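The primary structure of each chain is shown beneath.
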Amino acid sequence: MASTKNIQQLTLEEEEEETGACALQLGSSCVLPFTLKAPIKLRLLDIIVEAGPGAMLSPVDIAARLPTENPQAATMVDRMLRLLAANSVVSCTVETVADGRSSRKYGAAPICKYLTKNEVGVYVAALALMQQYKLMVDTW
C-alpha cells in the first residue's frame, strides 16, 4: 500500500489557486503549441542550444542572429521565449541592468534537446509543426 506521508497537503486557498490556474491553462491550451511553432520555424531554440551548455542569451542577442531587420524582432522574441520559459521549454534569468530596468536572458532547458535536430537530423519539433499545420488544425 502506498504511503501518503510525503504528499504535500494544500490549503483550501492554494487548492483554489491551483484549480483556477488549471482552468486557465485548459482555456488557453492552443496558445503554447502555436507559440512553440514560431520559435521552431525561426530556429530560436537552435540558436540558444548552439550557444553552448549554460549559455544565457538576451532577446537582442538571439534576434541579431535572425535574418530580419525588423526593429521589433527582439521584443517579439522575448514575448515568445517568456511563454516558453513559463512552460519550462527554455530557462530564464532576470537581471537588473544599469538603468534599473529588468533584462531577461534565455538558455536551453533539457526539453530543447528534443525540439532541436540531433546528430542524425531527427527531432520531435517536426511532430509539433505537423500538429499545427493548417489542414490538421482545420480538421480538428
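Here, every reference points to the structure presented above.
Just so it is clear, the model here is predicted, and its values are computed rather than measured.

For the chain, the count of helices and strands is eight helices and two strands. N-terminal to C-terminal, the α/β element order of the chain is α-α-α-α-α-β-β-α-α-α. Burial statistics for the chain: of 140 residues in total, 24% are counted as buried. Here the chain displays about 10200 Å² of accessible surface, and carbon together with sulfur accounts for 58% of that area.

Taken as a whole and judged by the stated rule, the model has five salt bridges. Residue Asp-78 is joined to Arg-82 by a salt bridge in which the shortest nitrogen-to-oxygen separation is 3.9 Å. Within this pair, Asp-78 and its partner Arg-82 are both found in helix α5 (residues 73-86), separated by four residues, close to a single helical turn. Residue Asp-78 is classed as buried on the basis of its relative accessible area of 11%.

Residues spaced three or four apart along an α-helix point in a common direction, a consequence of the helix completing one turn every 3.6 residues. Helix length check: α5 (14 residues) gives 20 Å between terminal C-alpha atoms against 20 Å at 1.5 Å per residue, within 8%. Listed in full, the buried residues belonging to α5 are Ala-73, Ala-74, Val-77, Asp-78, Met-80, Leu-81 and Leu-84. Tucked inside the fold, the buried residues of α5 contact α2 (31-42), α3 (44-50), α4 (59-64), β1 (90-96) and β2 (102-108). Of the residues trailing α5, Ser-88 is marked for its positive phi of about 60 degrees.

Of note, the phi angle at Arg-43 is positive, near 65 degrees, even though the residue is not glycine. Position of Arg-43 relative to the elements: it lies in the loop between α2 and α3. Despite not being glycine, Ser-88 has its phi angle at roughly 60 degrees, a positive value. Checked against the element boundaries, Ser-88 lands in the loop between α5 and β1. Residue class for Ser-88 comes out exposed when judged on its relative accessible area of 53%.

Of the pairings in the sheet, the one linking β1 to β2 comprises seven bridges and is antiparallel in character. The residue bridging Val-94 from the neighbouring strand is Arg-104, located in β2. The turn joining β1 and β2, which pair antiparallel and follow one another in sequence, is formed by five residues; a positive phi near 90 degrees is taken by Gly-100.

Here the focus is the environment of Lys-41. Along the polypeptide, Lys-41 turns up in helix α2. For the pair Lys-41 and Ala-125, spaced 84 residues apart in the sequence, the C-alpha separation amounts to 9.2 Å.

Turning our attention to the environment of Ala-109. As for its placement among the helices and strands, Ala-109 is situated in the loop between β2 and α6 (112-115). By relative accessible area, Ala-109 is classed as buried at 10%. The sequence separation of Ala-109 and Pro-53 amounts to 56 residues, and the corresponding C-alpha distance is 9.6 Å.

The subject of this paragraph is the side chain of Thr-116. Along the chain, Thr-116 falls in the loop between α6 and α7 (125-131). Judged by relative accessible area, which is 6%, Thr-116 ranks as buried. Reaching out from Thr-116, the side chain makes a polar contact with the backbone oxygen of Cys-112 at a distance of 2.9 Å.

What counts, and where the lines are drawn
- Residues numbered from 1 in each chain as written.
- Predicted model: local features only at pLDDT ≥ 70, side-chain atom pairs only at ≥ 80, totals over all residues.
- Heavy atoms only, no water.
- Helix = DSSP H or I, 4+ residues; strand = E, 2+ residues; numbered from the N terminus.
- Buried < 20%, exposed > 50% of the residue type's maximum accessible area, 1.4 Å probe, protein only.
- Areas by Shrake-Rupley, 256 points an atom, 1.4 Å probe, with all protein chains shown as cover.
- Salt bridge = Lys/Arg side-chain N within 4 Å of Asp/Glu carboxyl O.
- Expected span 1.5 Å × (residues − 1).
- Contact = heavy atoms within 4.5 Å.
- Pairing = 2+ DSSP bridges.
- Polar contact = N/O pair within 3.5 Å; in protein donor to acceptor, adjacent residues only side chain to side chain.

In short, shape yes, function no, at least from these values alone.
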